[in-house]
Amino acid sequence: MPDLKSRTNIRQTTAADQPAVLNLYRRVASVPGGLARLAEEVDETWVNEFLTRACTDGLSLVAETKGNEIVGEIHAYTPMLFCFSHVLTDLTIAVVPDVQGQGVGRLLFETFMRNVVEAHPEILRIELISRESNRKAIQFYESLGFRREGELGSRIRNVDGSLESDIPMAWIRS
Ligand SMILES: CC(C)(COP(=O)(O)OP(=O)(O)OC[C@H]1O[C@@H](n2cnc3c(N)ncnc32)[C@H](O)[C@@H]1OP(=O)(O)O)[C@@H](O)C(=O)NCCC(=O)NCCS
């Protein structure tokens, strides 16, 4: 059977995808150490809000297998202030745990960046934040042109009570 990446289609998210995206984020959040949110903090209100913002003033893409299962999503949106009108903020990416490490995240993120570079010349900066211990994710973002912009000390409380830094990162159009 061809590998998962070649059986996966990347497309723009639609309102009809909301239940599948909610399910995806619940599954991803149930594994500690990745997303900031706990699984019980992933609810319809949050998913509806970010999809509405990203589909209106930003970009949301899903990775869908040939069997029509949504296995990944990426989004970011422009804040509603003139001074940030060239920015995409709060970029978040998630791939379901059982298909992580098979190239879907890179395919999603590269497609997202290509779309911004080619179709959104007004976007000059993209921002995200990653917990410091999510080293694989930080290296992944660096490989896509994101740079660290400091350290937000003790910003993240882990489920065991320990604290760790959050690392703000940004891509800036050259
Ligand atoms: C981070 C994440 C989106 C990457 O998607 P993926 O499909 O697993 O990634 P890929 O297989 O395309 O690999 C891309 C890179 O991510 C890294 N990576 C692979 N598995 C990973 C994992 N489980 N967690 C974090 N990074 C991973 C690899 O180093 C890889 O680098 P390479 O392409 O140079 O080999 C995905 O692992 C995920 O959803 N993790 C949990 C949620 C999370 O951490 N989100 C980011 C919050 S800031």
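Since we're looking at a predicted model, the values are computed, not measured.

(A) Seen up close, the site of the ligand. Lining the immediate environment of the ligand, one finds 19 residues, of which Gly101, Gly103, Gly105, Arg106 and Asn134 sit closest. Gly101 places a polar main-chain atom, nitrogen or oxygen, 2.8 Å from an oxygen atom of the ligand. Interatomic distance of 3.1 Å between a backbone N/O atom of Gln102 and an oxygen atom of the ligand. Taking 840 Å² as the accessible area of the ligand by itself, protein coverage stands at 76%. Within the residue set of the shell around the ligand, elements represented by two or more residues are strand 4 (87-95), helix 3 (104-119), strand 5 (125-131) and helix 4 (135-143). Here the shell around the ligand gets four residues from one element, more than from any other, and that element is helix 4. Across the shell around the ligand, the residue classes break down as nine nonpolar, eight polar and two charged.

(B) A look at the side chain of Thr78. Position of Thr78 relative to the elements: it lies in the loop between strand 3 (70-77) and strand 4. Among the residues examined, Thr78 registers a relative accessible area of 14% and is labelled buried. Reaching out from Thr78, the side chain makes a polar contact with the backbone oxygen of Val87 at a distance of 3.0 Å. Look past the residues within four positions of Thr78 in its chain and what remains in contact with it is Arg53, Asp57, Phe84, Ser85, Val87, Leu88 and Ile123.

(C) Quick look at helix 4. All of the buried residues in helix 4 are Ala137, Ile138, Phe140 and Tyr141. What you see down the axis of helix 4 is that its buried residues fit within an arc of 160°, all on one side. Looking at helix 4, the residues exposed on the side facing more than 90 degrees away from the buried face are Arg135, Lys136 and Gln139. In this fold, the buried residues of helix 4 make contact with strand 4, helix 3, strand 5, strand 6 (147-148) and strand 8 (163-172).

(D) Here's a closer look at the side chain of Thr92. Among the structural elements, Thr92 can be located in strand 4. Engagement of the side chain of Thr92 in a polar contact is seen with the backbone oxygen of Asp90, the distance being 3.1 Å. Filtering out sequence-adjacent residues up to four positions away, Thr92 remains in contact with Tyr25, Leu35, Glu73, Ile74 and His75.

Cut-offs and rules
Residues numbered from 1 in each chain as written. Predicted model: local features only at pLDDT ≥ 70, side-chain atom pairs only at ≥ 80, totals over all residues. Heavy atoms only, no water. Near = heavy atom within 4 Å. Polar contact = N/O pair within 3.5 Å; in protein donor to acceptor, adjacent residues only side chain to side chain. Areas by Shrake-Rupley, 256 points an atom, 1.4 Å probe, with all protein chains shown as cover. Helix = DSSP H or I, 4+ residues; strand = E, 2+ residues; numbered from the N terminus. Nonpolar A, V, L, I, M, F, W, Y, C, P; charged D, E, K, R; others polar. Buried < 20%, exposed > 50% of the residue type's maximum accessible area, 1.4 Å probe, protein only. Contact = heavy atoms within 4.5 Å. Arc of directions from axis to C-beta.

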